[in-house]
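Listed below are the residues making up each chain.
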Amino acid sequence: MADTYDWIVETLDSVIETGVVYTVHWRVSSSRIVGTGEEQKTYTSGAYGTESYTADPDDPSFIAYDDLTEEICIEWVKSSMGEDGVAALEARLTEDLDEQEAPTKETGVPWSE
């Protein structure tokens, strides 16, 4: 099964008087399901970040706070990061899932076994 990436907006910071959003707090979760039945395993990873903005409430393209949707805010975040930034983040999450599925590193001491 292919890896999935679920983007959500945790919260928005905004100016009450103008409705201008100046920070979007976002999270992306990735998961991978491997195997079937009792042999099935799910691996997960994630990232959290913020994007800052400035806006002019008099701009014709301004979207009032009450009219915002999560989809619009996720579009803002991805646009701010750029296609390369989004791809790089998702690639890091994929690498983390790869490491979980087939570890190449470990933590511990050899005498604890």
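Whatever comes next refers back to the structure up there.
Because the structure is predicted, anything quoted here is derived from the model rather than measured.

### Looking at the packing of aromatic side chains
Pairs of aromatic rings are described using the distance from one ring centre to the other and the angle between the two planes. One pass over the full model with this rule turns up 2 aromatic pairs. Measuring from ring centre to ring centre gives 5.3 Å for Trp 7 and Trp 26, while their planes differ by 35°; the resulting arrangement is tilted. With Trp 7 in strand β1 (residues 4-14) and Trp 26 in strand β2 (residues 21-34), this pair connects stretches of sequence that are 19 residues apart. Grouping residues by exposure puts Trp 7 and Trp 26 together as buried.

### Re the nonpolar core
Among the nonpolar cores identified, the biggest contains 15 residues, and Trp 7, Val 24, Trp 26, Val 28, Ala 47, Val 77 and Leu 89 are the most heavily contacted of them. Those elements that place two or more of their residues in this core are β1, β2 and α1 (70-101). Considering each element in turn, this core owes the most residues, 6 residues, to α1. Leaving out residues up to four positions away in the same chain, Ala 47 has contacts with Trp 26, Arg 27, Val 28, Leu 89 and Leu 93.

### Describing the side chain of Thr 23
Relative to the helices and strands, Thr 23 resides in strand β2. The residues touching Thr 23, leaving out its near neighbours within four places in the chain, are Thr 11, Leu 12, Asp 13, Thr 50, Glu 51 and Ser 52.

### Points about the sheet that holds β1
As summarised here, the arrangement of the 3 strands in space is β1-β2-β3, forming an open sheet in which the pairing is antiparallel. Sheet topology places β1 and β3 (41-52) at the edges, where each strand pairs with a single neighbour. Direction aside, neighbouring strands of the sheet carry axes that sit 15° apart on average.

### A look at the pairing of β2
Here β1 pairs with β2 via 10 bridges, running antiparallel. Bridge assignment links Val 9 to a residue of β2, and that residue is Trp 26. Here β1 hands over to β2 after 6 residues, with Gly 19 in that stretch at a positive phi of 75°. In terms of strand pairing, β2 meets β3 through 12 bridges, oriented antiparallel. Paired with Arg 27 across the strands is Tyr 48, a residue of β3. Here β2 folds back onto β3, and the loop between the two strands holds 6 residues, one of which, Gly 35, carries a positive phi near 85°.

Cut-offs and rules
- Residues numbered from 1 in each chain as written.
- Predicted model: local features only at pLDDT ≥ 70, side-chain atom pairs only at ≥ 80, totals over all residues.
- Heavy atoms only, no water.
- Phe/Tyr/Trp six-rings, centres within 6.5 Å; stacked < 30°, edge-to-face > 60°.
- Helix = DSSP H or I, 4+ residues; strand = E, 2+ residues; numbered from the N terminus.
- Buried < 20%, exposed > 50% of the residue type's maximum accessible area, 1.4 Å probe, protein only.
- Core = buried A, V, L, I, M, F, W, Y, C linked by side-chain atoms within 4.5 Å.
- Contact = heavy atoms within 4.5 Å.
- Pairing = 2+ DSSP bridges.
- Axes fitted to C-alpha atoms, helices over the stretch in contact; angles between N-to-C directions.

Geometric values such as these leave the question of function open.
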